[in-house]
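# Observations on the model geometry
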Amino acid sequence: MANLDFKEMEEKWQKYWEGEKIFRAKNLSGKEIFSIDTPPPTVSGSMHIGHAFSYSQEDFIARFMRMYKGNVFYPFGTDDNGLPTERLVEKLKKVKSINMSRAEFIKLCLETLKEEKPAFINSWKKLGISCDFEKIYSTIDPQAQKVSQLSFIDLYNKGHIYKKNFPTIWCPECETSIAQAELEDKESGSLFSTLKFSVDKKDFLIATTRPELLYACVAIFVNPKDKKYKSFVGKKAKVPLFNFEVPIIADESAQIDKGTGALMVCSYGDKYDVESIGKYKLNPKLVIEKNGRVNIPGYEGLKIKEARKKILEDLKSKNLIAEQKEINHAVNVHDKCGTEIEFVETPQWFIKILDKKKEFIKQGEKIKWYPEFMKKRYDNWVNGLEWDWSISRNRHFGVPIPAWECPACGEVILPDEKELPVDPLETKKKCPKCKKDAVPEKMVLDTWATSSVTPQISSDLFGNKIKLPFSLRPNAHDIIRTWAFYTIVKSYFHEGKIPWDEIVISGIVSLGGEKMSKSKGNVIDPKKVLDEYGADALRFWAAGSKLGYDLDYQEKDLVTGKKLVNKLLNASKFVFTNLEKYDGKTKPKNMEKIDEIFLYNLELLSQRVAKNFLSYDYSLAKSETENFFWNMFCDNYLEIVKKRVYQGNGDKKLSAEYTLYQSLLILLKMFAPFVPFVTEEVYQNYFKRFEKEKSIHVCAWPKFDEKKQNSPDNLMDFDKLILIVDNVRKEKSRDKKPMNSEIILTLEKESMKFIKPYLEDLKNVTCAREIKEGLKFEVKFY
């Protein structure tokens, strides 16, 4: 058994769990059910090491709760309606969505998902994730689309959704609007050019990194406290190269110590331009197209950076650059593709959130955050919000926005619930007021607009028996601002409730202290790790990090995990080789004192481990279990009772048999959340014929008998005994004697007092022919 093929073992138990429906919730309507709002992984390729890390950690909790509480709702779904899935399809099928009709591309996406998803989902099964895979939702399937569209309709009817032609955060690479939460900061090198505007035929210097927006300049701001510009306020400045004039306005947003102190306001360079143009009701000049090209006279059709380069060349040739210097500064990029974002005026749908920041902070306070410091990230995000939530995307593949608009009166027409899910492009509607044909909405919902109702989607899949709030949301720290926040928003707007009672936040995986990245080439493929070390070893590694903290990938941790798997197999084989005639039930009338104390200590440990799990400190739970198994059980207790279980008789032998059986079972249960395959293997081979449950993973967590009256002195006896054994072993090692060499052991008076109930076991484990009282500890060899 110790030489077991772990791949064969894992596949066997994976099939067994599915066939026996081990992870199906017992009673979905039960009050005590522990419900998990499982993160649906994005179908964008294959599982990465970060998936293996975070999903293992949430599965430790799910498996423990299944044993501790008895009823867990742990659904599985895939997030496959967004840009990452589009990119995957374009890559695999060598196509571009913009070159296809929406219907053609959607059909191709669905066909590709059908091909790719079975292998994708199987990676989670191979890792030992204990979700109920019998019913799997997809954020693009009809059931999820219906829930998502119902959410849109409900929020629109409640006045939380509006449509507006507005300068929207735009990705020119993906050619879609994006939300504030999808922005990342990226350090970028740039030229900071001081350009020669003119006022009254004199140079008026303004520094900028965006000369391609000169033609879009609509005003110049100077700070009212800046004395050097006081006489310029109210005048007009001539824009270099293009020679039109713009007003000079006093506004405190101009920073006196930045550049020349004068600020170019353009349509649109950043969010401040958007605010400024609205504040002073300036007429915008739109020069950036949706495809990332410019429509500037003389530069038409150039890409943004091409236009920037050409305009700088032309400015230089006309002596319109006073100074240039290289700088590094942070720019906003789209988190999906790394492209610098623009602001493009387009009609978009928004959910109003800016007027409810205080309410969202209060909702966050009702949820228990693990670790607690992660709540600060949520608070900071909410307090720093500057835009309403943009929920529309100019993409092909996604949940269609269920709306039509009357071209005559502007009436928005929504479908009835019985029509859902609906694609407006495939369904005609007439305006109820004008009776004219309504124009179908072409845009789709942002993927977060659907992912933010995962509690409702998973509950709907199982008959809507699970109600808000769910018990737990596992969440990566980098999507607190998106998935966590948006789910809180939707639950509050729909039901006035929090979506879950508790949220656990995972960290990330690093390699050599650096964040893993494909571009750096420092990515670990979990498939290779699973092939070489097995799922149990990979999960064991993932348990090495405290919740919310990052973990460095180190192969030695996988080696340690594999050693544990082998040790569990070997120790179990040893135990049951000596329990061939034991029935798994019989308890001696008189337990040996050392056995009683050992079991009591183990039961105490099982309760400490349970407390660790209940506070989601799985790392400490694993560490304590592992230490006890190696140091107390394997290195000491097995050695102490070896001779008694071999050669003993009557209650002495039965006491050892009973303790070995019970202690190994308790240890298996405590290890089961971490290393589910090997614990199932041991349970099925040795324990199932005596225990009633068909899997270790639905066995009850170890019970603790609080009526036991062991005194603290007795509880410490085991530790005292181990200390003596350790000292004997050190003496034998120092004298280079084998561990089975016979000795005469001398102990002090105090040690002789407490050792009386354990004398025979001490003789056996130390190979002492005689144990006598003396002035000091001494070991003599025969």
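Everything that follows concerns the structure shown earlier in this document.
Residues numbered from 1 in each chain as written. Predicted model: local features only at pLDDT ≥ 70, side-chain atom pairs only at ≥ 80, totals over all residues. Heavy atoms only, no water.

### Re the overall build of the protein
When helices and strands are tallied, the protein shows 22 helices and 29 strands. Judged by the C-alpha coordinates and their principal axes, the protein covers about 110 × 60 × 45 Å. Relative to its 782 residues, the protein shows a buried fraction of 55%. Partitioning the intrachain contacts of the protein with sequence separation of at least 6 by distance along the chain shows that 78% fall at a separation of at least 24. As presented, the protein carries roughly 35,500 Å² of accessible surface, and 48% of it is formed by carbon and sulfur atoms. Distance from the positive charge centre (128 side chains) to the negative charge centre (114 side chains) of the protein: 1 Å. (Helix = DSSP H or I, 4+ residues; strand = E, 2+ residues; numbered from the N terminus. Buried < 20%, exposed > 50% of the residue type's maximum accessible area, 1.4 Å probe, protein only. Contact = heavy atoms within 4.5 Å. Areas by Shrake-Rupley, 256 points an atom, 1.4 Å probe, with all protein chains shown as cover. Lys, Arg positive; Asp, Glu negative; His and termini not counted. Charge placed at Lys NZ, Arg CZ, Asp CG, Glu CD.)

### Quick look at the state of the cysteines
Working definition of a disulfide: a covalent bond connecting the sulfur atoms of two cysteines. With the rule as written, the count across this model stands at zero disulfides. Left without a disulfide partner, Cys 174 is nearest to the cysteine sulfur of Cys 171, which lies 3.6 Å away. The thiol of Cys 406 is unpaired, and the distance to the nearest cysteine sulfur, on Cys 431, comes to 3.6 Å. (Disulfide = S-S within 2.5 Å.)

### Focus on the packing of aromatic side chains
Scanning the entire structure with this criterion turns up 58 aromatic pairs. For the pair Phe 76 and Phe 133, a centre-to-centre distance of 5.0 Å together with 45° between the ring planes defines the contact as tilted. In this pair, Phe 76 sits in strand E3 (residues 75–78) while Phe 133 sits in strand E4 (residues 132–138), placing the two residues 57 residues apart along the sequence. Exposure remark for Phe 76: the relative accessible area of 0% places this residue in the buried category. (Phe/Tyr/Trp six-rings, centres within 6.5 Å; stacked < 30°, edge-to-face > 60°.)

### Structural notes on the packing of helix H8 (residues 357–366) against helix H12 (residues 480–495)
Put simply, H8 and H12 touch, their axes get as near as 10 Å, and they point 105° apart. One finds that H8 runs roughly perpendicular with respect to H12. Contact with H8, carried on its side by Glu 359, Phe 360 and Gln 363, involves Phe 485, Ile 488, Val 489, Tyr 492 and Phe 493 of H12 and no other residues of that element. Residue composition of the contact of H8 with H12, by class: six nonpolar, one polar and one charged. (Axes fitted to C-alpha atoms, helices over the stretch in contact; angles between N-to-C directions. Parallel < 35°, antiparallel > 145°, perpendicular 65-115°, else oblique. Nonpolar A, V, L, I, M, F, W, Y, C, P; charged D, E, K, R; others polar.)

### Here we look at the packing of helix H9 (residues 375–383) against H12
Packing of H9 against H12 leaves a shortest axis separation of 10 Å and a crossing angle of 80°. One element, H9, and the other, H12, form an angle in the roughly perpendicular class. Contacts between H9 and H12 involve Arg 377, Tyr 378, Trp 381 and Val 382 on the former and, on the latter, Ile 480, Arg 481, Phe 485 and Ile 488. Split into classes, the residues belonging to the contact of H9 with H12 amount to six nonpolar, no polar and two charged.

### Let's talk about the sheet that holds strand E16 (residues 389–390)
Taken together, four strands build an open sheet; the order of strands is E6-E5-E14-E16 and the sheet is antiparallel. Looking at strand neighbours, the two that pair on one side only are strand E6 (176–177) and E16, the edges of this open sheet. Across 10 bridges, the pairing between strand E5 (residues 161–171) and strand E14 (residues 342–351) is antiparallel. If you follow Ile 169 over to E14, its bridge partner there is Phe 343. (Pairing = 2+ DSSP bridges.)

### Examining the environment of Asp 154
The residue Asp 154 is located in helix H5 (residues 142–157) in this model. Asp 154 sits 63 residues away from Lys 91 along the chain, and the two C-alpha atoms are 36 Å apart.

### As for unusual backbone geometry
Cis geometry is found at the peptide bond from Tyr 370 to Pro 371, where omega equals -10°. Following Leu 468, the chain continues into Pro 469 via a peptide bond in cis, with omega recorded as -5°. Mapped onto the elements of the fold, Pro 469 is located in the loop between helix H11 (454–461) and strand E22 (470–476). Positive phi values are uncommon outside glycine, yet Asp 200 reaches one of about 55°. Using a relative accessible area of 54% as the deciding quantity, one classes Asp 200 as exposed. In the Ramachandran plot, Cys 767 falls in the positive-phi region, its phi being about 60° despite a non-glycine side chain.

### Remarks on a negative patch on the surface
A cluster of acidic side chains, namely Glu 184, Asp 185, Glu 187 and Asp 478, defines a negative patch on the protein surface. Tracing the sequence through the fold places Glu 184 in strand E7 (residues 183–199). (Patch = residues over 30% accessible without salt bridge, like charges linked within 9 Å, V, L, I, M, F, W, Y side chains within 5 Å. Salt bridge = Lys/Arg side-chain N within 4 Å of Asp/Glu carboxyl O.)

### Topic: the sheet that holds strand E23 (residues 500–506)
Spatial strand order, E15-E23-E22: three strands in an open sheet with parallel pairing. In the strand order of this sheet, the two ends are held by strand E15 (368–370) and E22, each with one partner. Going across the sheet, the axis of each strand differs from the next one's by a mean of 20°, ignoring polarity. Bridge count for E15 against E23 is three bridges, and the pairing is parallel. Across the sheet, the residue bridging to Tyr 370 is Val 504, located in E23. Sheet strands touched by H12: E15, E22 and E23. Its angle to E22, the strand with the most contacts, is close to 155°.

### As for helix H16 (residues 593–614)
Across its 22 residues, H16 extends 32 Å between first and last C-alpha, which sits within 8% of the 32 Å expected from 1.5 Å per residue. One or two residues past the end of H16 sits Tyr 616, with phi positive at roughly 65°. (Expected span 1.5 Å × (residues − 1).)

### As for H8
Regarding H8, the residues found buried are Phe 360, Ile 361, Gln 363 and Gly 364. When H8 is viewed along its axis, its buried side chains cluster within an angular range of 160° and face the same direction. In H8, the exposed positions angled more than 90 degrees off the buried face are occupied by Lys 358, Lys 362, Glu 365 and Lys 366. Contacts from the buried residues of H8 go to E15, H9 and H12. (Arc of directions from axis to C-beta.)

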